[in-house]
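Remarks on the overall topology
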Amino acid sequence: MRFNAILAILLCKALRLFSRLVHRGGTAMPGRYALKLCPELLSLLAKDVRTVAITGTNGKTTSARMVEEAFAEKGLNYFANRSGANLISGITTEFVMNCTLTGKMRKEYAVIECDEAAARTVFGQLKPQVILVTNLFRDQLDRYGEVTHTLENIRQAIQGAPEALLCLNADCSLTASLAGDLPNRAVFYGIDRGAAPSRPKPEISDATHCIRCKTEYEYDYISYGHLGGFRCPRCGYRRPAADYAVTDVLELRPDGSTARMRIKGEVRLVDVNLPALYNLYNAAGALAAVTEMGLGADTAIAALGRFQCGFGRMERFGLGKAGAKMMLVKNPAGCSQVIEFLQTVREHLVLVLCLNDRSADGTDVSWIWDADFEGLAALGSRLEKVVVSGDRAGDMRVRIKYAGVPQERIQLEQDYGALVDWMARQEKPIYIMPTYTAMLDLRQEIIQRVGGREFWD
Amino acid sequence: MELKICHMYPDVLNLYGDRGDIICLSRRLQWRGIGVQVTRLPIGRQAALSGFDLVFIGGGQDFEQQVLLEDLHRGKDREIRAAVEDGLPFLAICGGYQMLGSYYETFDGQRCDFIGALDLYTVGSKKRMIGNYKFQCEPEAGGSLVVGFENHSGKTRLGGSVRPLGKVLSGYGNNGEDGTEGAHYKNVFGTYSHGPLLPKNPAFCDHLLQTALERKYGRAELEPLDDAAELFAHDEMAKRI
């Protein structure tokens, strides 16, 4: 190791230690300073580590946890950037925390989730074995810009890692298009026609026109959003056949799903310990990444049946008589999927919607009007109460009023202490849908009350 | 009473929650017992604009712009110009607003012909104008205080025959330089305001509905609604910026 690299490692470790002493996360800041001393630090550390990198709009963290569980199942010596520190600074911190003072890595494997915009600087240094791209949806337009711009970012990111094998979502016309233009080897995963719910074209789709020739796509089926069996009538670009495919959804339960999946020709029964259709995509993607890392499908399947996600992704808390579940929402596609999941919950429930507009949430809250909150009104009397909270609670209240939720069931509470008090008094199961920074704050408040893990654990 | 609303290009002009404006228009009519019919007019679909009482055009992304312009220049542009002159109410947001103007010139000087229904043009700039903003509508455009969210790199300049929709109180507006926001011509209201515009600005929404109803029925009195939730969200943002 060169002198500046060792100095950077020392600095990074010292800053992290200091952060923890003052009870801060210290997930990104130490790496940021270390990279100032040694800009190529990440590539120096990453070259001896076999890495699965995960990017895309939705499902990064969940997919990463699934892959991680498989690594643990197999007994691999690995680490991961668990706390959502997914920019180059946070990823670098994580590598430094897993190396010796002289820069020798203590772990052989890594599971790294990476922000879509940051991938361009990260992948070239990381040189992952496998890159999993989950999907591309419109997300925080004030920050990421148009979705085609994000796609271009990822394309350029992968150009920095030409040896990496790509696991791509076959059903996402944007994501799948990466395969054609890059020299990388690619496998596809997706939900086959027979397993997809039959539904009409959604009112809003994030990819209506062919990414190659701008002709409107035709669809054989749609699983959700713009995902499904797309094909372009003009240039012939179409959904590639999935090597890892959900062929049959046997059961969607409030706490998990059972599906048949075809794994490179072999059909297997797979239990996913996380509910909702969109998590079947995450499961199929993780299955592909794990298998392509050479761990074997059995390991992946065992992991899917057992893993727990936490950190705001269907995370459970012992709050109120029937418990609370927290489901992070960040963009219209993800939010609509969570609302759709609520429609599968058979019991009466209370809901907390927590909307912030800080920079990590996106400063433009207009996206809530692109999410299908009308699905809440469809719950009817099963939705006993909705509490709106967060910096933009007022906007959220207007949104669900216009979605048709009766006004007398809507309550506004911007004080998290009072909100948690209220939740603690509830008899019915509580579902909490916060944006990112609202999740951090509210989670903290809940954990102080009923216990749970700090965000960096 | 009933309003027939045309939602133009909902397939490609649907960014930043602009469909919230359609939801808002519909609800505020329904809550007053007034009928509403929304017709989606995607790319490639023809329908006579004279059959509608209100036209809505949202903002979009650059990717589909070329497809959209091809469709416009197949005759819809002419029809829109005629409808505007005829006094048909329009609400056009951001990209839809720019599109009603004469042209768009990119930063490097390439010119793109638009509809030419409004005497205004837009020039691209390098800096994006993003953020919450507020403006005071001119009295003839209802006079209300509007809060919204703008996100555009184009700078719009108004010609002599259109009036600004309002005066910027905070933020950029048309170009960040002359203090104007949006355009108002006959019954056309053009603005950069996403947010979406209407739900948090019920007075502006009702002015638009009133305009459309009066044109159709001669006179219209809108029953007041309980706007406590809307005004709370409006006032919170108005205070913040």
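These figures come from a predicted structure and were not determined experimentally.

Concerning the overall build of chain B
Helices and strands together make up the secondary structure of chain B, namely 5 helices and 12 strands. For a compact globule of 241 residues, the expected C-alpha radius of gyration is about 18 Å, and chain B comes in at 17 Å, within 12% of that figure. Along the longest, intermediate and shortest principal axes, the C-alpha atoms of chain B span 50 × 45 × 30 Å. Across the 241 residues of chain B, 53% fall into the buried class. Considering only intrachain contacts with a sequence separation of at least 6, the fraction spanning at least 24 residues in chain B is 70%.

Considerations on the nonpolar core
Residue and element names in this part refer to chain A. Counting 220 residues, the largest nonpolar core has Leu 287 and Leu 304 as the members making the most contacts within it. The dominant element in this core, judged by the number of residues it contributes, is helix α11 (residues 278–292), at 10 residues. Each of domain 1 (3–304) and domain 2 (313–450) accounts for three or more of the residues forming this core. The contact partners of Leu 304, leaving out residues within four places of it in the chain, are Met 66, Val 270, Asp 271, Val 272, Asn 273, Ala 283, Ala 286 and Leu 287.

Section: the environment of Val 365 of chain A
Relative to the assigned elements, Val 365 of chain A resides in the loop between β14 (349–354) and α14 (374–377). The sequence separation of Val 365 of chain A and Asp 395 of chain A amounts to 30 residues, and the corresponding C-alpha distance is 8.0 Å.

Some thoughts on the sheet that holds strand β17 (residues 430–434) of chain A
Residue and element names in this part refer to chain A. Sheet architecture is open: 6 strands sit in the order β12-β13-β17-β14-β15-β16, paired in mixed fashion. Looking along the sheet, the strands with just one partner apiece sit at the ends: β12 (313–317) and β16 (410–412). Each strand of the sheet is rotated relative to its neighbour by a mean of 20°, with strand direction disregarded. Alignment of strand β15 (residues 383–389) against β16, held across 3 bridges, turns out to be parallel. By the bridge assignment for β16, Val 386 is matched with Ile 410.

A short note on the sheet that holds strand β3 (residues 54–57) of chain B
All names here are of chain B. The strand order β2-β1-β3-β4-β12-β11 describes an open sheet built from 6 strands, whose pairing is mixed. Edge strands, defined here as strands with exactly one partner in the open sheet, are β2 (35–41) and β11 (183–185). For this sheet the average axis-to-axis angle between neighbouring strands, irrespective of direction, equals 15°. In terms of strand pairing, strand β1 (residues 2–8) meets β2 through 7 bridges, oriented parallel. Pairing of His 7 across the sheet is with Arg 40, part of β2. Relative to the sheet, helix α1 (residues 19–30) contacts β1, β2, β3 and β4 (90–93), its axis offset from that of β2 by approximately 160°.

Comments concerning the interface of chain B and chain A
How big an interface is tends to be stated in terms of the accessible area lost upon association of its parts. At the interface, 31 residues of chain B touch 21 residues of chain A. Listing elements by their share of the side of chain B that touches chain A, those giving two or more residues are α1, α2 (65–85), β7 (120–137), β8 (145–158) and α5 (228–240) of chain B. Residue composition of the side of chain B that touches chain A, by class: 14 nonpolar, 9 polar and 8 charged.

Let's talk about α1 of chain B
A rise of 1.5 Å per residue sets the reference length of α1 of chain B, with its 12 residues, at 16 Å; its end C-alpha atoms lie 17 Å apart and thus fit the reference within 8%. For α1 of chain B, the buried fraction is high: 9 of the 12 residues fall into the buried class. Buried within α1 of chain B are the following residues: Arg 19, Gly 20, Asp 21, Ile 22, Ile 23, Cys 24, Leu 25, Arg 28 and Leu 29 of chain B. Buried residues along α1 of chain B sit against α15 (393–403) of chain A together with β1, β2, β3, β4 and α4 (202–217) of chain B.

Considerations on the domain arrangement of chain A
All names here are of chain A. Looking at the assigned domains, one finds that chain A contains domain 1 (3–304) and domain 2 (313–450). Every contact between the two is made by 21 residues of domain 1 and, on the other side, 15 residues of domain 2. For the side of domain 1 that touches domain 2, the secondary-structure elements that each account for two or more residues are α4 (60–73) and α7 (141–144). A breakdown of the residues in the side of domain 1 that touches domain 2 according to their chemical character gives 10 nonpolar, 6 polar and 5 charged.

Points about the pairing of strand β11 (residues 266–272) of chain A
Residue and element names in this part refer to chain A. As paired strands, strand β10 (residues 256–263) and β11 are joined by 7 bridges and run antiparallel to one another. By the bridge assignment, Arg 260 is partnered in β11 with Leu 269. Counted between consecutive antiparallel strands, the loop separating β10 from β11 contains 2 residues, among which Lys 264 sits at a positive phi close to 45°.

Quick look at the packing of helix α16 (residues 416–424) of chain A against helix α17 (residues 436–450) of chain A
A packed helix pair is summarised by two numbers, namely the angle formed by the two axes and the spacing between the axes. Residue and element names in this part refer to chain A. Two elements in contact, α16 and α17, have axes whose closest approach is 10 Å; the angle formed by their N-to-C orientations is 55°. When the axes of α16 and α17 are compared, the pair comes out oblique. Handedness of the crossing formed by α16 with α17: right-handed. On α17, the residues that touch Tyr 416, Gly 417, Val 420 and Ala 424 of α16 are Asp 441, Leu 442, Glu 445, Ile 446 and Arg 449. Within the contact of α16 with α17, the residues separate by chemical class into 5 nonpolar, 1 polar and 3 charged.

Quick word on helix α8 (residues 147–159) of chain A
All names here are of chain A. Taking 1.5 Å of rise per residue, the 13 residues of α8 would be expected to cover 18 Å, and the 19 Å separating its terminal C-alpha atoms lies within 8% of that figure. Every buried residue of α8 is listed here: Val 147, Thr 150, Leu 151, Ile 154, Ala 157 and Ile 158. In an axial view of α8, the angular spread of the buried residues amounts to 120°, which keeps them on one side of the axis.

With respect to the pairing of strand β3 (residues 109–113) of chain A
Residues and elements named next belong to chain A. Most of β3 sits out of view: 5 of its 5 residues are buried. Because side chains alternate across β3, one face comprises the buried residues Tyr 109, Val 111 and Glu 113, and the other comprises Ala 110 and Ile 112, equally buried. Pairing of strand β1 (residues 50–55) with β3, which is carried by 5 bridges, proceeds in the parallel orientation. Residue Ile 54 lies in a different strand from β3, and its bridge partner there is Glu 113. Pairing geometry for strand β2 (residues 78–80) and β3, over 3 bridges, is parallel. Within the sheet, the bridge partner assigned to Tyr 78 lies in β3 and is Tyr 109.

So, how was this worked out
- Along each chain, the written sequence defines residue order, and numbers are assigned to residues from 1.
- Lettering for chains starts from A, numbering for ligands starts from 1, and both go in the order in which the items are written.
- It should be noted that, the model being predicted, local features are given only for residues of pLDDT at least 70 and side-chain atom pairs only at 80 or more, the latter also being counted only at that level, while totals for whole chains, interfaces and linings use all residues.
- Labels follow the DSSP assignment, with helices taken as runs of H or I lasting at least four residues and strands as runs of E lasting at least two, numbered in each case from the N terminus.
- The globule rule used here is 2.2 Å times the number of residues to the 0.38 power, and the radius of gyration it is set against is calculated over C-alpha atoms.
- Three exposure classes are used, all based on how many other C-beta atoms lie within 10 Å of a residue's own C-beta (placed from the backbone): buried at 20 or more, exposed at 12 or fewer, and partly exposed between those limits.
- The contact rule is simple: place each C-beta atom from the backbone, and if two of them lie within 7 Å, those residues are in contact.
- The term nonpolar core refers to a set of buried Ala, Val, Leu, Ile, Met, Phe, Trp, Tyr and Cys residues connected through C-beta atoms within 7 Å.
- Domain extents, as shown, originate in an automatic or database domain assignment.
- Two strands make a pair as long as DSSP finds a minimum of two bridges between them.
- Note on geometry: axes are C-alpha line fits, over the in-contact stretch for helices, and angles between N-to-C directions span 0 to 180 degrees.
- Amino acids outside the nonpolar list (Ala, Val, Leu, Ile, Met, Phe, Trp, Tyr, Cys, Pro) and the charged list (Asp, Glu, Lys, Arg) are all regarded as polar, and Gly is one of them.
- Under the convention used throughout, the expected extent of a helix is 1.5 Å for every residue step, that is, one less than its residue count.
- Relative orientations are named as follows: roughly parallel for angles under 35 degrees, roughly antiparallel for angles over 145 degrees, roughly perpendicular for angles from 65 to 115 degrees, and oblique for any other angle.
- Two helices that cross are described as forming a left-handed crossing if the nearer one is turned anticlockwise from the farther one by less than a right angle, and a right-handed crossing if clockwise.
- To obtain the arc, one takes the directions from the helix axis to the C-beta atoms.

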